[in-house]
Amino acid sequence: MDELQVVEFVATYLKKKGFSEAENALQAEIQRNKSSNNTNPIDILNDPELSKFFRTFSESEDGPARYQDEYSKLRSWTYSSLDLYKHELLHVLYPVFIHCFMDLVAKGHIQEARTFFNNFREDHEMMHLRDLQKLEGVLSPSHLEEMEFAHSLRHSKVNIKICQVLYLFLFTSLHQNTYIVKKSNHCQSFYQYSYELLLQYLHKTQSTKMLGIINERINFQVSPGQPSSISDDAEIVTLIGSNQDAANQINQKEVHWGLLEDSLENRLEKTGLISDSEKAEGENKEAEIDENKKRPVEGGKQGASIKKLKKDKAINATAKTSRLEANTVSTAPRVKPDLALPVMPTEVEQSILEDLRNRVHLSSAALPSVSFYTFINTHNGLNCASISQDGSLVAGGFSDSSLKVWDMAKLGQQAVSSGLQGENDTTPREDIIGPNGRKRSYTLYQGHSGPVYSASFSPLGDFILSSSADTTIRLWSTKLNANLVCYKGHNYPVWDVQFNPQGHYFASSSHDRTARIWSMDRIQPLRIMAGHLSDVDCVRWHINCNYIATGSSDKTVRLWDVSSGECVRIFIGHRSMILSLAMSPDGRYMASGDEDGTIMMWDLASGRCVTPLMGHTSCVWTLAYSCEGSLLASGSADCTVKLWDVTTSTKVLKTEEKSGTNRLRSLKTLPTKSTPVYSLQFSRRNLLFAAGALSKTS
Amino acid sequence: MSIVPKETIEVIAQSIGVYNLSSDVALALAPDVEYRVREIMQEAIKCMRHAHRTVLTANDVDSALNLRNVEPIYGFASGDSLRFKRASGLKDLYYIDDKDVELRNVIETPLPKAPLDTSVAVHWLAIEGVQPAIPENAPVDAVSDGRRSEYREDGISVDIRLPVKHVLSKELQLYFDKIRELTVSRSNSTVFKQALLSLAMDSGLHPLVPYFTYFISEEVVTRSLKNFSLLFALMRVARSLLRNPHIHIEPYLHQMMPSVITCLVSKRLGNRFSDNHWDLRNFVADLIASICTRFGHVYQNLQSRVTRTLLHAFLDPTKSLSQHYGAIQGLAALGPSVVHLLILPNLELYLKFLEPEMLLEKQKNEMKRHEAWRVYGALQCAAGLCVYDRLKTVLLRPPKQSRWESNRKGMIVFPSKRKASMDNLMLQPPVKKMATLGPMGVMPVNSMAVNMQGPSGGFSTPVEGPRAGVSMLRHLQNEKMLRREVSNQALKTSTVLAQAWKEDAEGGHLLASLYELFGESMFSFTRKSELYFFL
């Protein structure tokens, strides 16, 4: 190590004196040594000793004004650089900016820090508004220590991808030691890449402060090839506590995203392939029956259904082919469940199979019907809404600690009876003042002692879970209308709770930064998933029950292995708090929606973002995949339900690899009058249910 | 340094009883206060998000304080968002309006109604991706205009149309304002006349048409039925616009017509006796007639609607006479056939109604009597014009023809002592021939026919021929018997002729009956020479 230190001193001396030729030669030499040791190629710059040296070097002129001065120089230089390199260099600006600010605060120059922050804040507002808002409040060195966001920033390095052919060159020609120096020089003279540009600039202008920060805080990942375009910048946006390398390592782990071995769908397909043509014919009739069944509220839709029948026939041809495709895709991997899953009673199984057979096939040409449940007179008290799998039950969690469940089958009768009551007004309205509450239009579940933030129906609709600010989760029976269990374990409000697709197990997420796995028969959690740096806001099960995904206020989505409790994927790319998650039915993809209205689709296997779906202007409260996975529905605070085409989204990526442009693949926007959409649920027959509370427009 | 000034800290300190807080301490506390407040807000926002809201409420802040194990602030709990008021005189100081409430008032007021219980309503947001047009759904147009994206199978998708933005140039705005000002305040000036001319001629005014139509209808309907000169000015503006050949005013007609018709059949136009609203009515009647002729082919039902409205006003005895006058004028302006169809059948009845109003003995109110006479005049005029038109087709031939007619007259008068049947027989051959040969345009049979054929030619002549003959027959003061005989015979000749005969028979009858009703004054509508036939 001593030897290395000497080398580095020499290097910095050369830099200082501007002997770039000699310096580069030296650098190349060092890099070669390093890479042969299997460490990072250019972490000469990251060496703490070196940065210390720089800092002592610049101590003599340690004025707060220097930060401002140097940063503004760097900024103007970056902005005036060639377009080709600008993007990459701009990425460097933001970490430099926040670290300058934090350095100033840490040294106690609060006033200067403030002015510095306000001077340059605009540059980064578009990308990092929320972080800036957080940092703005940091006004004393003690805050830096206290605030976890700042803390994690100070104690970790920012990863920035920056292109340079040099790395690759060295790597491939490890064995040709003798030519390396010459070649690297040669190379550099040809390719003036961003990284080199930056270094050269910093050396020339003697911006010791900036150089110090860059050395200390930024970890350059030098990548070969041409400078990348804007779309590739997702990773630097989120500054996470753990090292990027660690995240990368995590993402190397294998994820078995396949469907369960013995799922019902699987069985259906086996039988289905044999009698496919037969089934298709039967489908039409059944679809119509199905249609009639599902429209208990509205009677006079006969004309529509006839029209639909014709349409269905037309679509059927395409549907058949697409189904064959789907079969080939879904036959890919099968996995065994790690959990002991409950056994379904045969009659339930039969009804599910029946549903699956009668499923309407959705595609970009065949959009779903959407039934909307509007909560009225909520007085701003509705916190969440949840719809059971078949759409017959709707639950609302209220800020007055109550959970109310409406039975849709009874709702129609209720309307009739209340209409009759209106006629003879002389009789007192028993259904409203009834003391036992039996005649209310809903079933009231009382037990929580804080706002109810989430509710989840069991797959069969016989249980409902609710999570509350009182840190508990409660299990209710919809048959008995009573509370069965209270699960205590979290230390802070429980934001989300979700039943396993097979029932029995459930997952919860909380302000205490953990997600937990529970089973219905135990009052202690089975697993605790810790790792998020901020609140865990939402949780969803993977379709094969072996994984759960969690979205957090730290702007990451993580995938956890249920059996081991390990984090197996970190998805970085969102720019604000994650509010909603959905898993595709084929288990391959996941969608996540955030506070800004961005929806991202992730490939679980690779951990990469398949495509960002832009379109919503406000929080995406809910996401849902259609049952065969061809459509994604999203509900948002901007009072719309949007339908996205998933199949082309993924296909485009496969064929064109990187088109670079974020194409809108929004199929349809369905605006509501003024009802933010809280919850979406596709039934097994692919009818889409949506729920939301009517909000007054004021 | 911090957005919380140290004065705030001092004030807070005083409010909790710390009076000797040194400024250093306040200065040090200020940044920390800011940091803590931000921290609480961050948590509050989380609570807000988890309650699926986008507006922060006091409850959220309470929950956030709760999360941090801080005692919540009491007294602000409310489901609604708070309304802040700006402190007067200070730029960025806000407070919550919290009025003092008399306790007694609170006790005495009756208990408020229990709020409605939460319920769930179901509707179809979409059926197979299409939103049904039901009241529960948002109006489709509002949204689809701006961001309609059409999807195509090949993936090269997205056709986003932006809403068409209507931009009015500064100059046009100025122009509009100027015209408006002129119309409202200086409609007697010569400048206004120039303006009218410009409105009728200028080519670039199309963007202003909706504004003008709105202006006119707004002014007429809402404000200025009392202001006669303004009404007149408005109607002039309307006429100028309608005359402008460069403007496509059709889409806005429906907006303009009500106000124009109002000016015709309104009960009162202007509020002074000196206001000559008769003039205005006449003017508007012409205007309506011109609209109907110009746009009748575009709007099929335009004229029928106008006439229906007017007829309604005319036949309603409860309406004032000035309204009747307007209706009659309007109908008259629409042409003699309208008068013939709609006014004349009702004429006799109406005159009976009108008569007492006109007589000095029965109607003492001079104003009313004057009005009645006006109406009488209008009726007379309309009926007269109608008759004139009827006869015009018969008699108002170019000079040559009238000469022929006089010849003819002479010829017919000569054997007047003969029997009508003879007459008829005499006339029949040429008529027949004319009818059959007409289309050929060659009439060598007799000189009369040639004469007649001269200028016009074409298909219309065979109709005119018999008409001329027959009307002359009739005009020989023949008895009704004869007329009927003639017409009967004529009916047999051909259908073309039948129509002509019938009309003419009516025409004759018309004049006669009109003569009965109006007396001699009716004859002023016919030329001397023609009159000669009748008498």
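Treat the numbers as computed from the prediction; the structure is a model and nothing was measured. (Residues numbered from 1 in each chain as written. Chains lettered and ligands numbered in written order. Predicted model: local features only at pLDDT ≥ 70, side-chain atom pairs only at ≥ 80, totals over all residues. Heavy atoms only, no water.)

Enquirer: Tell me about the overall build of chain B, residues and numbers included.
Expert: The secondary structure content of chain B amounts to 22 helices and 3 strands. Residues classed as buried in chain B amount to 42% of the 535 residues present. Working note: accessible area of chain B is about 30,700 Å², and carbon and sulfur atoms make up 58% of it. (Helix = DSSP H or I, 4+ residues; strand = E, 2+ residues; numbered from the N terminus. Buried < 20%, exposed > 50% of the residue type's maximum accessible area, 1.4 Å probe, protein only. Areas by Shrake-Rupley, 256 points an atom, 1.4 Å probe, with all protein chains shown as cover.)

Enquirer: Any chance you could break down a positive patch on the surface for me, citing the residues and the numbers?
Expert: Residue and element names in this part refer to chain B. Together, Lys-226, Lys-267, Arg-268 and Lys-368 make up a region of like positive charge exposed at the surface. Here Arg-268 shows up in the loop between α10 (250-265) and α11 (277-295). Arg-268 sits in the exposed class, given a relative accessible area of 54%. (Patch = residues over 30% accessible without salt bridge, like charges linked within 9 Å, V, L, I, M, F, W, Y side chains within 5 Å. Salt bridge = Lys/Arg side-chain N within 4 Å of Asp/Glu carboxyl O. Lys, Arg positive; Asp, Glu negative; His and termini not counted. Charge placed at Lys NZ, Arg CZ, Asp CG, Glu CD.)

Enquirer: Give a detailed account of the packing of aromatic side chains, specifying residues and quantitative values.
Expert: As enumerated under the stated definition, the model contains 22 aromatic pairs over all chains in all. The interplanar angle of 25 degrees and the centroid separation of 5.7 Å between the aromatic rings of Phe97(A) and Phe117(A) together place this pair among those described as stacked. In this pair, Phe97(A) is assigned in helix α5 (residues 83-106) and Phe117(A) in helix α6 (residues 110-136), connecting sequence segments 20 residues apart. Note on accessibility: Phe97(A) and Phe117(A) belong to one class, buried. Seen in terms of ring centroids, Phe232(B) and Phe283(B) are 5.3 Å apart; in terms of plane orientation they differ by 50 degrees. Their pairing is tilted. Of this pair, Phe232(B) sits in helix α9 (residues 228-243) while Phe283(B) sits in helix α11, placing them 51 residues apart in sequence. Each member of the pair Phe232(B) and Phe283(B) is classed as buried. (Phe/Tyr/Trp six-rings, centres within 6.5 Å; stacked < 30°, edge-to-face > 60°.)

Enquirer: Now, about the confidence of the model for chain B: what can you tell me, with residues and values included?
Expert: Residue and element names in this part refer to chain B. The pLDDT averaged across chain B works out to 69; a share of 64% of its residues lies at or above 70. Confidence drops under a pLDDT of 50 for residues 141-159, and excluding neighbours within four residues, the segment shows 31 contacts in the predicted structure. Low pLDDT (under 50) marks residues 396-493, which in the prediction has 105 contacts with non-local residues, meaning those over four places away or in another chain. Of the two predicted TM-score estimates for the complex, the pTM is 0.56 and the ipTM is 0.71. (pLDDT = per-residue confidence, 0-100. Contact = heavy atoms within 4.5 Å.)

Enquirer: Describe in detail the pattern of salt bridges, supporting the description with residues and values.
Expert: Taken as a whole and judged by the stated rule, the model has 16 salt bridges over all chains. Connected through salt bridges with shared partners, the residues Asp535(A), Asp32(B), Arg36(B), Glu39(B), Glu43(B), Lys46(B) and Arg68(B) form a single ionic network.

Enquirer: Please give an account of unusual backbone geometry that cites residues and values.
Expert: All names here are of chain A. A positive phi is found at Lys-555, a non-glycine position, where the angle reads about 70 degrees. Locating Lys-555 in the fold gives a position in the loop between β19 (547-552) and β20 (556-561). For Lys-555, a relative accessible area of 7% translates into the label buried. Phi angles above zero are rare outside glycine, and Cys-639 is one such case at about 65 degrees.

Enquirer: A description of the interface of chain B and chain A should follow, citing residues and the corresponding values.
Expert: With 53 residues of chain B at the contact, the number on the chain A side is 76 residues. At the junction of chain B and chain A, the tally comes to 4 salt bridges. Among the secondary structure elements, those contributing two or more residues to the side of chain B that touches chain A are α2 (23-50), α3 (58-67) and β3 (119-126) of chain B. Broken down by element, the side of chain B that touches chain A gets its largest block of residues, 13 residues, from α2(B). Here the side of chain B that touches chain A is composed, by residue class, of 23 nonpolar, 16 polar and 14 charged. (Nonpolar A, V, L, I, M, F, W, Y, C, P; charged D, E, K, R; others polar.)

Enquirer: Talk me through the sheet that holds strand β8 (residues 402-407) of chain A; I want residue IDs and the actual numbers.
Expert: All names here are of chain A. The antiparallel open sheet is built from 4 strands, whose spatial order is β6-β7-β8-β9. Of all the strands in the sheet, just β6 (382-387) and β9 (442-446) have a single pairing partner and so form its edges. The sheet shows a mean angle of 20 degrees between the axes of neighbouring strands, taken without regard to direction. Where β6 lies against strand β7 (residues 393-398), 5 bridges are found, and the strand directions are antiparallel. In the sheet register, Cys-384 faces β7, and the bridge partner there is Gly-397. (Pairing = 2+ DSSP bridges. Axes fitted to C-alpha atoms, helices over the stretch in contact; angles between N-to-C directions.)

Enquirer: Explain the nonpolar core residue by residue, including any values.
Expert: Grouped together as the largest cluster of nonpolar side chains are 78 residues, with contacts concentrated most on Ile216(B), Met235(B) and Leu354(B). Every residue in contact with Ile216(B), bar those within four places of it in the chain, is listed here: Leu234(B), Met235(B), Val237(B), Ala238(B), Leu241(B), Met256(B) and Ser259(B). The next biggest cluster of nonpolar side chains, apart from the first, holds 34 residues, and it includes Val96(A), Phe117(A), Phe149(A) and Tyr35(B). (Core = buried A, V, L, I, M, F, W, Y, C linked by side-chain atoms within 4.5 Å.)

Enquirer: Go over a nonpolar patch on the surface with me, naming the residues and quoting the values.
Expert: All names here are of chain B. There is a patch of nonpolar side chains on the surface, built from Val-101, Leu-103, Val-106 and Ile-107 and spanning about 430 Å² of accessible area. Along the chain, Val-101 turns up in the loop between β2 (94-96) and α4 (103-108). For Val-101, a relative accessible area of 59% corresponds to the exposed category.

Enquirer: Break down the environment of Leu302(B) for me, citing the residues and quoting the values.
Expert: Residues and elements named next belong to chain B. Checked against the element boundaries, Leu-302 lands in helix α12 (residues 302-315). Residues Leu-302 and Cys-292, spaced 10 residues apart in sequence, show a C-alpha to C-alpha distance of 6.7 Å. Dropping the residues within four chain positions of it, Leu-302 is found in contact with Leu-253, Met-257, Ile-291, Cys-292, Phe-295 and Gly-296.

Enquirer: Now, about the pairing of strand β28 (residues 640-645) of chain A: what can you tell me, with residues and values included?
Expert: Residue and element names in this part refer to chain A. Along β28, 6 of the 6 residues are buried, which leaves the element largely enclosed by surrounding structure. Here β28 shows two buried faces, one formed by Thr-640, Lys-642 and Trp-644 and the other by Val-641, Leu-643 and Asp-645. Across 5 bridges, the pairing between strand β27 (residues 631-636) and β28 is antiparallel. In the strand pairing of β28, Ser-634 is matched with Lys-642. Hairpin remark: β27 followed by β28, antiparallel, with 3 residues in the connecting loop; positive phi at Cys-639, about 65 degrees.

Enquirer: Lay out helix α6 (residues 170-185) of chain B with the relevant residues and their values.
Expert: All names here are of chain B. The first and last C-alpha atoms of α6 sit 22 Å apart over 16 residues, in line with the 22 Å expected at 1.5 Å per residue. Buried within α6 are the following residues: Leu-172, Phe-176, Ile-179, Leu-182 and Thr-183. Looking straight down α6, one finds that the buried residues subtend no more than 130 degrees of arc, so they occupy a single side. In α6, the exposed positions that point more than 90 degrees away from the buried face belong to Lys-170 and Leu-174. (Expected span 1.5 Å × (residues − 1). Arc of directions from axis to C-beta.)

Enquirer: Got a sec to walk through the sheet that holds strand β23 (residues 589-594) of chain A? Specific residues and values, please.
Expert: All names here are of chain A. Ordered in space as β22-β23-β24-β25, the 4 strands form an open sheet in which the pairing is antiparallel. Sheet topology places β22 (578-583) and β25 (608-613) at the edges, where each strand pairs with a single neighbour. Neighbour-to-neighbour, the strand axes of the sheet open up by a mean angle of 25 degrees, direction not taken into account. In this structure, β22 lies alongside β23, joined through 5 bridges in antiparallel fashion. Along β23, the bridge assignment pairs Ser-580 with Gly-593.

Enquirer: Give a description of the packing of α10(B) against α12(B) that names residues and reports values.
Expert: Residue and element names in this part refer to chain B. Axis separation between α10 and α12 bottoms out at 12 Å; the angle between their running directions is 25 degrees. Considering the angle they form, α10 stands roughly parallel to α12. Crossing of α10 against α12: the hand is right-handed. Here Leu-253, Met-257, Ile-261, Leu-264 and Val-265 of α10 come into contact with α12, specifically with Leu-302, Val-306, Thr-309, Leu-310 and Ala-313. Residue composition of the contact of α10 with α12, by class: 9 nonpolar, 1 polar and no charged. (Parallel < 35°, antiparallel > 145°, perpendicular 65-115°, else oblique. Left-handed = near helix turned anticlockwise from the far one by under 90°.)

Enquirer: Please give an account of the pairing of strand β24 (residues 599-603) of chain A that cites residues and values.
Expert: Residues and elements named next belong to chain A. In terms of burial, β24 is largely enclosed, as 5 of its 5 residues are buried. Along β24, one buried face is formed by Ile-599, Met-601 and Asp-603 and the opposite face, lined by Met-600 and Trp-602, is buried too. As defined by bridge partners, β23 adjoins β24 across 5 bridges and the pair is classed as antiparallel. The partner of Met-590 across the bridge, within β24, is Trp-602. Linking β23 to β24, which pair antiparallel, is a turn of 4 residues; within it Gly-597 sits at a positive phi near 100 degrees. Bridging between β24 and β25 involves 5 bridges; their strand directions are antiparallel. Residue pairing in the sheet places Asp-603 in a bridge with Arg-608 of β25. Counting the residues in the hairpin turn of β24 and β25 gives 4 residues, including Gly-607, whose phi is positive at 75 degrees.

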